[in-house]
Amino acid sequence: MTSGGWKDRMFPWRRLRKLGILGMNERNADFVLPYNPRSLYQLVDDKRRTKALAIEFGIPVPRLYAVVEIEHQIENLPRLLAPYDEFVVKPAHGSGGEGILVVESRSDGRYRRTSGLILTEEDLGHHISNILSGMYSLGGIPDCALIEYRVNFNPLFAEVSYLGVPDIRIVVFRGVPVMAMIRAPTRLSDGKANLHQGAVGVGVDMITGRTYNGIWRECRVEEHPDTGGELAGICVPHWDDILTMAARCNDMVGMGYIGVDIVLDRDLGPLMLELNARPGLSIQLAARTGLLPRLRYLEGMRHIPRDVPERVALAKTVANRC
């Protein structure tokens, strides 16, 4: 065994370094802290504020139906929800998909979740009360509940998603999209597109928008664990529009290192769902490549194009080189 191979076995981090894998400490010290001013975190941590900013900036988002800010408003739920048969309830300051409740239909004052579970008015009110108390918010701070349009995902993803809506996570650095994956809900994730809760991550080629790999519970998979659908070979529609939207989100919030979550609605096309100032690192497993070479390449550039189409073209150049 060569001395290099022996050292790689004794010190696994050496092999990860060779592969260009970005670790949490390096992410925080070299990219999150220097490029994301603390004063701007409220723009991405507060989903209500992010949505309002996106509307002002002309970036499509799911329509906001109502906001519940105080306990007294829960009494008005029947009136607030009367026009809508399906909707999503989520905490404004939630993270990791916690506290999100999806209603797919209603009848006689009862609400059916995508899992088939039936909720009463009291059940729904109790859930919203928990949101207001800060049960699902960052730091446990008191929160408000957003009630918004339920995305009808593109049927292209029907065979690789269980119950919930898959989304596309794109990491953006200095306004340039650098890596992407589809997060597909599973039975284990309770229909939520969150890898830590058991969703499948599927790598997406930055140049073509074509999927090529799956990761589930840190293991490579070729098929969705619940549906059996093949994960590779899906061509994501509107790919350049999606990259353009991700790049514009950087301009919208002024942060240099963000995660952008985009959904593909059956009728409305790409919609920006939310932003993250501390995007997770599992995307590297799904993409089968490290973030670090691409980030360092862009970090070394003196000038990043201001024109969004030029940044989208740069994203594909970087993916090809790194």
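Here, the structure is the one placed above.
If you're wondering where the values come from, they're calculated on a predicted model, not measured in any experiment.

Asker: I'm lost on the pairing of strand β8 (residues 176-184) in this one. Help?
Answerer: On a regular strand, each side chain points to the face opposite its neighbour's, so the side chains alternate between the two faces of the sheet. Across the nine residues that make up β8, a large majority, nine, are buried. Between strand β7 (residues 167-173) and β8, which pair antiparallel one after the other, the connecting turn spans two residues, and Arg174 there sits at a positive phi close to 55 degrees. Pairing of β8 with strand β9 (residues 200-204) involves four bridges; the strand directions are antiparallel. Looking at β9, one finds that Ala184 is bridged to Val200.

Asker: Got a minute to help me understand the environment of Ile170 in this structure?
Answerer: Tracing the chain through its elements places Ile170 in strand β7. C-alpha separation for the pair Ile170 and Phe153, spaced 17 residues apart in sequence, amounts to 18 Å. Here Ile170 is in contact with Pro177, Met179, Ala180, Ile242, Leu243, Ala246, Ile258, Gly259, Val260 and Ile262, once residues within four sequence places are set aside.

Asker: It is not clear to me how the side chain of Asn213 should be interpreted in this structure. Could you clarify?
Answerer: Among the secondary structure elements, Asn213 is positioned in strand β10 (residues 211-216). Looking at Asn213, its side chain comes within polar contact range of the main-chain oxygen of Ala286, at 3.2 Å. The contacts of Asn213, once residues within four sequence positions are left out, are Gly201, Val202, Gly203, Arg220, Leu285, Ala286 and Arg288.

Asker: Hey, could you run me through the packing of aromatic side chains in this one?
Answerer: In this description, an aromatic ring pair is defined by two values, namely the gap between the centres and the angle between the planes. Within this structure, the stated rule accounts for six aromatic pairs. Among the aromatic residues, those joined into a cluster by ring pairs are Phe31, Tyr35, Phe173 and Tyr257. Over the ring of Tyr41 we find Arg38; its NZ or CZ atom is 4.5 Å from the centre of that ring. Its guanidinium or amino end placed over the ring of Trp216, Arg217 lies 5.8 Å from that ring's centre, counting from NZ or CZ.

Asker: I keep staring at the packing of helix α5 (residues 47-57) against helix α8 (residues 239-253) and nothing clicks. Help me out?
Answerer: To describe two helices that pack against each other, one gives the angle between their axes and the distance between the axes. One can describe the packing of α5 onto α8 by two numbers: an axis separation of 11 Å at closest approach and a directional angle of 105 degrees. The angle between the axes of α5 and α8 places the two elements in the roughly perpendicular class. Where α5 approaches α8, its residues Thr50, Leu53, Ala54 and Phe57 are matched on the opposing element by Arg248, Asp251, Met252 and Val253. Here the contact of α5 with α8 is built from residues that sort into five nonpolar, one polar and two charged.

Reading guide: rules and limits
Residues numbered from 1 in each chain as written. Predicted model: local features only at pLDDT ≥ 70, side-chain atom pairs only at ≥ 80, totals over all residues. Heavy atoms only, no water. Buried < 20%, exposed > 50% of the residue type's maximum accessible area, 1.4 Å probe, protein only. Helix = DSSP H or I, 4+ residues; strand = E, 2+ residues; numbered from the N terminus. Pairing = 2+ DSSP bridges. Contact = heavy atoms within 4.5 Å. Polar contact = N/O pair within 3.5 Å; in protein donor to acceptor, adjacent residues only side chain to side chain. Phe/Tyr/Trp six-rings, centres within 6.5 Å; stacked < 30°, edge-to-face > 60°. Lys NZ or Arg CZ within 6 Å of the ring centre and 35° of its normal. Axes fitted to C-alpha atoms, helices over the stretch in contact; angles between N-to-C directions. Parallel < 35°, antiparallel > 145°, perpendicular 65-115°, else oblique. Nonpolar A, V, L, I, M, F, W, Y, C, P; charged D, E, K, R; others polar.

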